[in-house]
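Each chain, letter by letter, is given below.
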Amino acid sequence: MGLEHGSFSFFPFGALFCLTLFSLVAVRIYAIRHRYKESNQKDRDIALILKGRMARGEIDEKEYHTLKDLLTK
């Protein structure tokens, strides 16, 4: 590392660059997956709430589909 036979070795900087780039990509992928997982969970919660209301007789099936379409947009 350092000066070897009058030339400078860039290996530590290249490795550090690759490690930094890999870390940034991994964090970005995690953020995207986490965001989509939350939105899917929210859609399931809405469906569960509406199905519960439909089971109790508060809404009928037509209202269920209308509310689900409106709330999941």
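Residues numbered from 1 in each chain as written. Predicted model: local features only at pLDDT ≥ 70, side-chain atom pairs only at ≥ 80, totals over all residues. Heavy atoms only, no water.

Colleague: Any chance you could break down the overall build of the chain for me, citing the residues and the numbers?
Modeller: Of regular secondary structure, the chain possesses two helices and two strands. For the chain, the α and β elements follow one another from N to C terminus as β-β-α-α. Across the 73 residues of the chain, 8% fall into the buried class. When the accessible surface of the chain is totalled, it reaches about 6,600 Å², and 65% of it is carbon and sulfur. (Helix = DSSP H or I, 4+ residues; strand = E, 2+ residues; numbered from the N terminus. Buried < 20%, exposed > 50% of the residue type's maximum accessible area, 1.4 Å probe, protein only. Areas by Shrake-Rupley, 256 points an atom, 1.4 Å probe, with all protein chains shown as cover.)

Colleague: Explain the nonpolar core residue by residue, including any values.
Modeller: Counting residues in hydrophobic clusters, the biggest one holds five residues: Ile46, Ala47, Leu50, Ile59 and Tyr64. Sorting elements by how many residues they give to this core places helix H1 (residues 11-55) first, with three residues. (Core = buried A, V, L, I, M, F, W, Y, C linked by side-chain atoms within 4.5 Å.)

Colleague: Outline the pattern of salt bridges, supporting the account with residue identities and numerical values.
Modeller: This structure, assessed with the given rule, holds two salt bridges. Residue Arg53 is joined to Glu58 by a salt bridge in which the shortest nitrogen-to-oxygen separation is 3.0 Å. A salt bridge links Arg56 to Glu58, with the nearest nitrogen and oxygen atoms 3.1 Å apart. When its relative accessible area of 58% is taken as the criterion, Arg56 is described as exposed. What makes Glu58 partly exposed here is its relative accessible area of 45%. Through salt bridges that share partners, Arg53, Arg56 and Glu58 make up one connected network. (Salt bridge = Lys/Arg side-chain N within 4 Å of Asp/Glu carboxyl O.)

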